[in-house]
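Working through the structure, step by step
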Amino acid sequence: MIPETRSFPGARRPDRTRRQDVDGVGIAVYEWGKESDPVVFFVHGGSDFAGTYDVFAPLCADAGWRVVAWDHRGHGDSDHAALYSWDADIRDALSVMSSVTDSPAPVVAHSKGGAFMMQLIDGSPYRVSKMVNIDGMPSKRRMPDVPDHDQSRLLAGEIGSWLDYRHEAHSAERKPGTLEDLARRRGKMNPRLSIEWLEYLVTIGAKQDHDGWRWKLDPSMRFGGFGPWRPEWSALRMASLPIPFLGFIGTVDEPMGWGARERDIRPWLPAGGHLEVLQDIGHFIHIEVPEIVAPKVLDFIS
Amino acid sequence: MTTITLQHNKISLALHQIQGGSGRPLLLLHGLGEHGRNMSNINLTWNGPIWALDFTGHGESTVPRGGGYSSEILMADVDIALRQLGPCTLLGRGLGAYVAFLTAGARPQLVRGAVLVDGPGLSGGAIHATSTGEFTEPGPRVGTAPDPWALFELSRDARPPNYALTFIGLAKAGSGLEDPVAVTCTVNPPWVEAIRAEAGVLTDITVQEALDIYATN
C-alpha cells in the first residue's frame with residue numbers, strides 16, 4: 001500500500017533520521033540542517049511528535065543551526081514502552097542529547113516538553129546553555145497533555161476511571177479513519193490550526209493500515225489523571241534556572257493549553273528571564289505564527 | 001503454592017496462592033526488591049485464602065524495558081489482582097504498604113482494610129521538588145533480581161504528606177469502614193506520620209490485631 005501524502009507550505013521533513021536505544025526503548029531521532037552547524041534541541045509536547053516542528057525547525061536550520069528533535073517514548077515512531085513517566089522522558093532526553101554533544105546547547109521546548117526540560121536543566125544544568133519555553137510554564141490549572149499519574153487532580157472518579165482504563169489497556173487500539181477523519185478529530189484539540197496542517201500531520205504522526213489511518217501514539221497512554229506532582233514544583237524549578245531564559249505564552253486558551261497567565265508566570269521567571277506574551281495566539285505558538293517566533297528564538301539563541 | 005498470571009497492559013503479573021480456603025482473601029504486597037513468595041514468611045493467622053502479588057519488575061512478573069515506574073502503576077497492578085480476587089484485605093510491607101494504602105483510597109469498596117507493615121521502600125523519596133541528577137544507566141539486571149529501574153525509581157518516588165491525606169480521605173469516605181487503614185510501622189516517614197494523626201487510621205496495634213479486626217468487617 002502506498003500511503004497518501006500531503007504537503008504544507010514551508011514544511012520539510014528532517015534531513016537525517018536515526019534510532020537511539022535507551023535501555024531497550026528505541027527513540028526516533030531527527031535532524032534538520034548541516035551536521036557541522038551548532039546544535040539546538042527541539043522538544044515536543046504531550047501527544048505530539050517531532051514532526052510538529054516540520055515548519056519551525058527548517059526555519060532555524062536554514063539560519064545555520066543543526067536542529068535535533070526526537071519522538072518521546074510512546075509517541076510518533078519511538079517504541080511503545082510498558083511504563084511511562086516524567087523521569088523516564090527526562091532520561092530519554094539525556095540519552096539523545098549526550099549522543100549528539102557533550103557541550104551545553106540551547107533548547108526550544110513546547111508545553112509538557114518545556115516543563116520536563118526545566119526539570120532536566122535543574123538536575124543537569126551543564127547540558128543546556130539557553131532555554132526557550134513555549135507555553136510549558138507553570139500554571140495552577142491542570143495540564144491536559146501530562147500523562148497519567150503526573151497530574152495532581154485527585155477526584156475519586158478520576159482515579160477509578162484511570163484504573164478501569166488500565167484493565168483494558170492491553171487490548172486498546174487507536175480508532176481507524178480516513179486521513180481527513182483523523183485531521184478533523186485532532187482539530188478538536190487544535191482548533192486554531194488549519195485543516196491543511198492537520199492533514200499534513202496525519203501523514204507523519206499516523207500510519208495507514210488496511211482499515212484506515214491510526215495515530216501512532218501508544219493507545220495505552222491516557223492523559224489527564226492524578227498523582228503527587230504539584231504545579232508549584234515546576235515554578236520552583238523555573239525560578240532557579242541558571243541559564244538565559246525566554247518564555248512565550250499566548251492569550252487564547254485551548255483544550256491542549258495550560259491556561260498559564262502572565263501574572264502566574266512573571267513572579268517565577270528566573271533571574272534575567274524574559275517573557276513574550278503574544279496577543280490572540282493559542283497554545284501552539286510556534287505553529288500558528290512561526291514567522292514571528294522564529295526570529296525571536298534565533299536572536300535569543302545566537 | 002499455585003501461581004496464576006494476570007495481564008496488566010504489557011506486563012504479565014504473577015499472583016501466588018499461599019493458603020487456600022474460602023471467605024474474603026488476604027492479599028500480601030511485598031517490599032521494594034522483594035517478591036510475593038517472601039511474604040509467606042510473615043507470621044500471621046488468616047481464616048481464608050491468602051494470595052501474594054509480584055509487582056511489575058519483581059519476582060515472576062514481567063521486567064519491562066527502560067523503567068518508568070511509579071507507585072501509582074503498582075497500585076494498578078493491585079487493582080488487576082482485586083478484579084480477579086474480589087474484595088480483599090491488604091497487608092503491605094515497605095513499598096507494598098504504601099501501595100496498599102493508595103489502593104485503599106482508590107478502590108475503597110474493594111479494600112476491606114489495609115495493614116501497613118515496616119519494610120524496604122516504606123519511605124520513598126522526596127516530599128517536594130528536588131534536583132534530580134543525571135542518571136541514565138542502572139546497570140544490568142542480575143539473574144532473577146528485581147528490575148534495577150524499579151529499585152532506583154521506586155526508592156525515590158515523591159510521597160508528599162498532603163497527597164497521602166487525600167487518599168486517606170477517599171478511603172474513609174468510600175469504604176464504609178470506621179478505620180480503613182492500620183499502621184503497624186515503627187518507622188515514620190512523612191507520609192506515614194501525616195496519616196497517623198488522621199481519624200480512620202488504627203495505630204498502636206499489632207499486625208494480627210489489625211487482621212482480626214478486618215476479618216470481621
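Along every chain, residues carry numbers that run from 1 in the direction the sequence is written. Here chains are named by letter from A upward and ligands by number from 1 upward, in the order in which they appear as written. A pLDDT threshold of at least 70 governs which residues receive local features in this predicted model, and a stricter bar of 80 or more applies before side-chain atom pairs are shown or counted, although totals over entire chains, interfaces and linings include all residues.

Secondary structure summary: chain B contains six helices and eight strands in total. Reading the secondary structure of chain B in the N-to-C direction produces β-β-β-β-α-β-α-β-α-α-β-α-β-α. Here the C-alpha coordinates of chain B stretch approximately 50 × 40 × 30 Å along the principal axes. Burial statistics for chain B: of 217 residues in total, 54% are counted as buried. A separation threshold of at least 6 residues defines the contact pool for chain B, and within that pool the share at least 24 residues apart is 70%. Helix and strand labels come from DSSP, where a helix needs a run of H or I of at least four residues and a strand needs a run of E of at least two; each type is numbered from the N terminus. Three exposure classes are used. Buried residues have 20 or more other C-beta atoms within 10 Å of their own C-beta, exposed residues have 12 or fewer, and partly exposed residues fall in between, all C-beta atoms being placed from the backbone. Any two residues are considered in contact once their C-beta atoms, placed from the backbone, lie within 7 Å.

Turning to the overall build of chain A, a few remarks are in order. Helix and strand counts for chain A stand at ten helices and ten strands. Based on C-alpha atoms, the radius of gyration is set beside the globule rule, defined as 2.2 Å times the residue count to the power 0.38. Against the globule reference of 19 Å for 302 residues, chain A gives a C-alpha radius of gyration of 18 Å, in line with a compact fold. Each of the three principal axes of chain A carries a C-alpha extent, and together these read 50 × 45 × 40 Å. Put simply, chain A has 302 residues, and 54% of those count as buried. Nonlocal contacts in chain A, meaning residues at least 24 apart in sequence, comprise 76% of its contacts between residues at least 6 apart.

This brings us to the sheet that holds strand 9 (residues 245-250) of chain A. All names here are of chain A. At least two DSSP bridges between two strands are needed for those strands to be called paired. Judged by pairing direction, the sheet is mixed, and its eight strands sit side by side in the order 1-2-4-3-5-6-9-10 without closing on themselves. For this open sheet the edge positions go to strand 1 (16-22) and strand 10 (274-278), each flanked by a neighbour on one side alone. Taking the axes of each pair of neighbouring strands and ignoring which way they run, one obtains an average angle of 20° across the sheet. Orientation is described by lines fitted to C-alpha atoms, with helices fitted over the stretch in contact, and by angles between N-to-C directions that extend from 0 to 180 degrees. Packed onto the sheet, helix 2 (residues 86-100) meets strand 1, strand 2 (25-32), strand 3 (39-43) and strand 4 (66-70) and runs at close to 125° relative to strand 1. In the packing of helix 3 (residues 112-123) onto the sheet, the strands contacted are strand 3, strand 5 (105-110) and strand 6 (128-134), and the crossing angle to strand 5 comes to about 145°.

This brings us to unusual backbone geometry. One non-glycine residue, Asp 280 of chain A, lies in positive phi territory at about 55°. Taking the number of C-beta atoms within 10 Å as the measure of exposure, Asp 280 of chain A has 10 and is therefore exposed. Phi angles above zero are rare outside glycine, and Asp 204 of chain B is one such case at about 50°. For Asp 204 of chain B, the position within the fold is in the loop between strand 8 (201-202) and helix 6 (207-215). The exposure class of Asp 204 of chain B is exposed, given the 8 C-beta atoms found within 10 Å.

A word on the sheet that holds strand 5 (residues 88-93) of chain B. Residue and element names in this part refer to chain B. As summarised here, the arrangement of the eight strands in space is 1-2-4-3-5-6-7-8, forming an open sheet in which the pairing is mixed. Looking at the sheet topology across the chains shown, the edges are occupied by strand 1 (2-8) and strand 8. In the sheet, strand 3 (residues 26-29) pairs with strand 5 via four bridges, with the strands oriented parallel. Of the residues in strand 5, the one forming a bridge with Leu 27 is Leu 90. Along the sheet, helix 1 (residues 71-85) makes contact with strand 1, strand 2 (11-19), strand 3, strand 4 (50-53) and strand 5, crossing strand 1 at roughly 120°.

What follows is about the interface of chain A and chain B. Taken together, the contact between chain A and chain B spans 35 residues of the former and 35 residues of the latter. Residue assignment for the side of chain A that touches chain B shows that the elements contributing at least two residues are helix 2, helix 3, helix 4 (156-168) and helix 7 (231-239) of chain A. Here the side of chain A that touches chain B gets six residues from one element, more than from any other, and that element is helix 4 of chain A. Tallied by class, the residues present in the side of chain A that touches chain B amount to 16 nonpolar, twelve polar and seven charged. When residues are grouped by polarity, Ala, Val, Leu, Ile, Met, Phe, Trp, Tyr, Cys and Pro land in nonpolar, Asp, Glu, Lys and Arg in charged, and all others, Gly among them, in polar.

Our focus in this paragraph is the packing of helix 1 of chain B against helix 2 (residues 95-106) of chain B. The axes of two packed helices give the description: the angle between them and the distance between them. All names here are of chain B. For the pair helix 1 and helix 2, interaxial distance at closest approach is 9 Å and the crossing angle is 65°. Here helix 2 runs roughly perpendicular to helix 1, going by the angle between their axes. For the pair helix 1 and helix 2, the crossing hand works out as right-handed. Here Ser 71, Glu 72, Leu 74, Met 75, Val 78 and Asp 79 of helix 1 lie close against helix 2, whose contacting residues are Tyr 98, Val 99, Leu 102, Thr 103 and Ala 106. An angle counts as roughly parallel when it lies under 35 degrees, as roughly antiparallel when it exceeds 145, as roughly perpendicular when it falls between 65 and 115, and as oblique in every other case. What makes a crossing left-handed is the near helix being turned counterclockwise from the far one by less than a right angle; a clockwise turn instead makes it right-handed.

All names here are of chain A. The buried fraction of strand 9 is high, at six of six residues. Residues of strand 9 alternate between two faces, with Phe 245, Gly 247 and Ile 249 on one and Leu 246, Phe 248 and Gly 250 on the opposite face, all of them buried. Alignment of strand 6 against strand 9, held across four bridges, turns out to be parallel. Paired with Ile 134 across the two strands is Phe 248, which belongs to strand 9.

Residues and elements named next belong to chain A. Within the element layout of this structure, Ser 234 appears in helix 7. Residue Ser 234 is classed as buried on the basis of its C-beta count, with 24 C-beta atoms lying within 10 Å. Separated by 98 residues in the primary sequence, Ser 234 and Gly 136 have C-alpha atoms spaced 9.6 Å apart. In this structure Ser 234 touches Ala 115, Met 118 and Pro 138, once residues within four positions along its chain are discounted.

Next up on the list: the environment of Leu 82 of chain B. All names here are of chain B. Along the chain, the position of Leu 82 falls in helix 1. Sequence-wise, Leu 82 and Leu 110 are 28 residues apart; in three dimensions their C-alpha atoms are separated by 7.1 Å. What Leu 82 contacts, discounting residues up to four positions off in sequence, is Cys 88, Arg 107 and Leu 110.

Looking now at the packing of helix 2 of chain A against helix 3 of chain A. Residue and element names in this part refer to chain A. The geometry of helix 2 relative to helix 3 is characterised by a closest axis approach of 10 Å and an angle of 70° between their N-to-C directions. Here helix 3 runs roughly perpendicular to helix 2, going by the angle between their axes. In the packing of helix 2 onto helix 3, the handedness of the crossing is right-handed. Packed against helix 2, whose contacting residues are Trp 86, Asp 89, Ile 90, Ala 93 and Leu 94, the element helix 3 presents Phe 116, Gln 119 and Leu 120 at the interface.

Time to look at the confidence of the model for chain A. Confidence per residue, as judged by the predictor, is encoded in pLDDT with a range of 0 to 100. Confidence along chain A averages 92 in pLDDT terms, with 94% of residues attaining 70 or more. Note that residues 147-154 of chain A has pLDDT below 50 and, in this model, 34 contacts with residues that lie over four places away or in other chains.

Right, let's get into helix 3 of chain A. All names here are of chain A. For helix 3, built from twelve residues, the straight-helix expectation of 16 Å at 1.5 Å per residue is met to within 8% by its first-to-last C-alpha distance of 17 Å. Summarising burial for helix 3: eleven of the twelve residues are buried, a large majority. Along helix 3, the residues classified as buried are Lys 112, Gly 113, Gly 114, Ala 115, Phe 116, Met 117, Met 118, Gln 119, Leu 120, Ile 121 and Asp 122. Turning to helix 3, the residues buried within the fold contact strand 3, helix 2, strand 5, strand 6 and helix 7. A helix's residues, less one, multiplied by 1.5 Å, set its expected span.

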